[in-house]
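Residues per chain, in single letters:
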Amino acid sequence: MAVYTEVSDEALRAFLADYALGELLAFRGIAEGVENSNYALKTEAGDFILTLYEKRVDPAELPYFLGLMEHLAARGMACPTPVHGRDGAALRELAGRPAAIVTFLPGVWPRRVRAEYCAPLGRALAEMHLAGAGFAMHRPNALGPKGWAPLLDGCRARGDEVQTGLIAELDSALSGILAAWPAEGALPAGQIHADLFPDNAFFLPGPDGQPRVSGVIDFYFACTDLFAYDIAVCLNAWCFEADFSFNVTRARAMLGAYRAIRPLSEAELAALPVLCRGAALRFLLTRLYDWTHTPEGALVTRKDPVEYLRKLRFFSGAETLAAFGL
């Protein structure tokens, strides 16, 4: 479910009057996504996405998200570009929610990840990290290491209902990860996506018939953090098979393509195992929190936290770069 706030035809037409997009031709809700209400919008000016930002998004952070997309797009990154109204503003209100229109990106996200997707994904990630240079705004990673202990505390009452002994295992994992986490300033940092899962990357065939990234979307977890942590998120999201075995071929392709654009320092490479453990723990904890706090019957699809427990266990045993195909 991804339409939490319904928009009437009358309200939409009044909203569009503030834009130079011509007449409304088509409008429909988009089923994918879980954070905000998204609509496909077609006007005389073309295709767009209308997003209404729901309660989990802090309105004060929206200028960072929209500004980052605009900054990246101006530097050649294929990402949604905010559309400004006649008054120059990109952010306004619709149906009682903050709302914005962004450009539509062509392409299809891979329902089944194959190795040939991972090299173009690695290149796109490196290009995004470089393109973010010079963006003046800063957003701390609210779901970074400082946020993990509070998330775990919020799951203590019911966490072991998911799996016996889970909370004790996560306490131990968190302690080890935090003890090994890179010190502040030790690794290169900048603007990162922090949620670049397969459903946030669009692909089209290139001139050689191989997949190329046609767009990166959903920047609403973007933040200022370690570039190598963003890589770790992608290794978690793109490099496991359905049986949770780690696909070294995918990892090697992703890392090789990334390093061809933005070389990784020795310190970044050395930190990769703990960063991967941290990324696995981050998604495990947010899934576990939602699993234990979502009421029965709610119209929200809960994601299984055990998937990331298995990934965390793999990375806990991956102490050298050989595990990543390097």
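For clarity, every value in this text was computed on a predicted model and none was experimentally measured.

What counts and how
- Numbering of residues starts from 1 in every chain and runs along the sequence as written.
- It should be noted that, the model being predicted, local features are given only for residues of pLDDT at least 70 and side-chain atom pairs only at 80 or more, the latter also being counted only at that level, while totals for whole chains, interfaces and linings use all residues.
- With hydrogens and water set aside, each side-chain value is computed from the structure's full complement of heavy atoms.
- Segments assigned H or I by DSSP are reported as helices when at least four residues long, segments assigned E as strands when at least two residues long, and all are numbered from the N terminus.
- Only C-alpha atoms enter the radius of gyration, while the globule expectation follows 2.2 Å times N to the 0.38, with N the number of residues.
- A simple rule labels every residue: compare its accessible area, found with a 1.4 Å probe on the protein chains alone, to the largest value its type can have, and call it buried under 20%, exposed over 50%, or partly exposed in between.
- The contact definition used throughout considers only heavy atoms, calling two residues in contact when any of these lie within 4.5 Å.
- For the area figures, the Shrake-Rupley method with a 1.4 Å probe applies, and any residue is considered shielded solely by the protein chains shown.
- Within this scheme the basic residues Lys and Arg register as positive and the acidic residues Asp and Glu register as negative, but His and the chain ends are omitted.
- To locate a charge, take NZ of a lysine, CZ of an arginine, CG of an aspartate or CD of a glutamate.
- Take the buried residues of types Ala, Val, Leu, Ile, Met, Phe, Trp, Tyr and Cys, join any two whose side-chain atoms come within 4.5 Å, and each joined set is a nonpolar core.
- Pairing between strands requires that DSSP locate at least two bridges from one strand to the other.
- Here the axes come from fitting lines to C-alpha atoms, over the contacting stretch only for helices, and the angles between their N-to-C directions go from 0 to 180 degrees.
- For classification purposes, an angle smaller than 35 degrees is called roughly parallel, one larger than 145 roughly antiparallel, one from 65 to 115 roughly perpendicular, and anything else oblique.
- Handedness of each helix crossing follows the sense of rotation of the near helix against the far helix: counterclockwise by less than a right angle gives left-handed, clockwise gives right-handed.
- For this quantity, the arc is that covered by the directions from the helix axis to the C-beta atoms.
- Of the two site types, the cavity is a set of points on a 1 Å grid over the protein atoms alone where a 1.4 Å probe fits but cannot get out, and the pocket is an open set with protein on both sides within 12 Å along at least five of seven lines, each lined by residues with an atom within 4 Å of a point.
- Grid points are joined across faces, edges and corners, and a volume is the space filled by probe spheres set on the points.
- As a working rule, the residues Ala, Val, Leu, Ile, Met, Phe, Trp, Tyr, Cys and Pro are called nonpolar, Asp, Glu, Lys and Arg charged, and the rest polar, with Gly in that last group.

### A word on the overall build of the protein
Looking only at helices and strands, the protein features 10 helices and 9 strands. Relative to the compact-globule value of 20 Å for 326 residues, the protein shows a C-alpha radius of gyration of 20 Å, a close match. Referenced to the eigenvectors of the C-alpha coordinate spread, the extents of the protein come out at roughly 60 × 50 × 35 Å. Put simply, the protein has 326 residues, and 51% of those count as buried. For the protein, restricting intrachain contacts to residue pairs at least 6 apart in sequence, the fraction spanning at least 24 positions comes to 72%. Just so you have it, the protein exposes about 14,700 Å², and 54% of that area is on carbon and sulfur atoms. For the protein, the centre of its 30 positive side-chain charges and the centre of its 38 negative side-chain charges are spaced 4 Å apart.

### Side note on the nonpolar core
Residues Leu170, Phe219, Leu235, Trp238 and Leu275 are the most contacted members of the largest nonpolar core, which totals 85 residues. The element that contributes the greatest number of residues to this core is helix H9 (residues 266-293), accounting for 13 residues. Beyond its immediate stretch of four places on either side in the chain, Phe219 contacts Phe65, Leu68, Met69, Leu72, Cys79, Pro80, Met128 and His193. Core analysis: the second largest hydrophobic core is formed by 16 residues, Val7, Leu52, Val83 and Ala99 among them.

### Section: the pairing of strand E2 (residues 37-43)
Most of E2 sits inside the fold, with 6 of its 7 residues counted as buried. Across 5 bridges, the pairing between strand E1 (residues 24-29) and E2 is antiparallel. The residue of E2 that forms the bridge with Ala26 is Lys42. Judged from the 7 bridges that link them, E2 and strand E3 (residues 46-52) form a sheet pairing that is antiparallel. Residue pairing in the sheet places Asn38 in a bridge with Thr51 of E3. Where E2 folds back on E3, the antiparallel hairpin that results is connected by 2 residues.

### Some thoughts on the packing of helix H6 (residues 166-180) against H9
The interhelical angle for the contact between H6 and H9, taken along N-to-C directions, is 140 degrees, at an axis separation of 10 Å. As judged from the angle between their axes, H6 and H9 are oblique. Here H6 and H9 pass one another in a crossing that is left-handed. Every residue of H9 that contacts H6 at Leu166, Ile167, Leu170, Leu174, Gly176, Ile177 and Ala180 is listed here: Val274, Arg277, Gly278, Leu281, Leu284, Leu285 and Leu288.

### A few points about the sheet that holds E1
If you trace the 5 strands from one edge of the open sheet to the other, you get E1-E2-E3-E5-E4, paired in antiparallel fashion. Here the strands that pair on one side only, and so sit at the sheet edges, are E1 and strand E4 (92-94). Sheet twist, expressed as the mean angle between neighbouring strand axes with direction ignored, is 35 degrees. Running over the sheet, helix H1 (residues 9-16) touches E1, E2, E3, E4 and strand E5 (97-103) and is turned about 165 degrees from E4.

### Some remarks on unusual backbone geometry
Although it is not a glycine, Ala95 sits at a positive phi angle of roughly 55 degrees. Within the secondary structure, Ala95 sits in the loop between E4 and E5. For Ala95, a relative accessible area of 41% translates into the label partly exposed. One non-glycine residue, Asp218, lies in the positive phi region at around 60 degrees. Mapped onto the secondary structure, Asp218 falls in the loop between strand E8 (211-216) and strand E9 (223-226). Here Asp218 falls in the partly exposed class, since its relative accessible area comes to 28%.

### Observations regarding helix H10 (residues 306-316)
Inspection of H10 places Tyr308, Leu309, Lys311, Leu312 and Phe315 among the buried residues, and these make up the whole buried set. Across the axial projection of H10, the buried residues extend over an arc of 165 degrees, all falling on one side. Against H6, helix H7 (227-238) and H9 lie the buried residues of H10.

### Here's the deal with the layout of surface pockets
Sizing a probe to match a water molecule and rolling it over the atoms shows the empty space that remains. In this structure, the second largest pocket encloses a volume near 580 Å³. Pro145, Lys146, Trp181, Glu184 and Asp225 are the residues nearest the centre of the second largest pocket, which is lined by 19 residues in total. Going through the elements one at a time, helix H4 (145-153) and E9 are the ones with two or more residues in the lining of the second largest pocket. Looking at the lining of the second largest pocket residue by residue, the class counts come to 10 nonpolar, 6 polar and 3 charged.

### Concerning the side chain of Thr43
When you line up the elements, Thr43 lands in strand E2. Taking relative accessible area as the criterion, Thr43 reaches 2% and is therefore assigned buried. When near neighbours in sequence (up to four residues on either side) are disregarded, Thr43 contacts Leu21, Gly22, Glu23, Leu24, Leu25 and Phe48.

### Here's the deal with H1
For H1, every residue scored as buried is listed here: Leu12, Phe15 and Leu16. Viewed end-on, H1 has its buried residues packed into an arc of 95 degrees, placing them on one side of the element.

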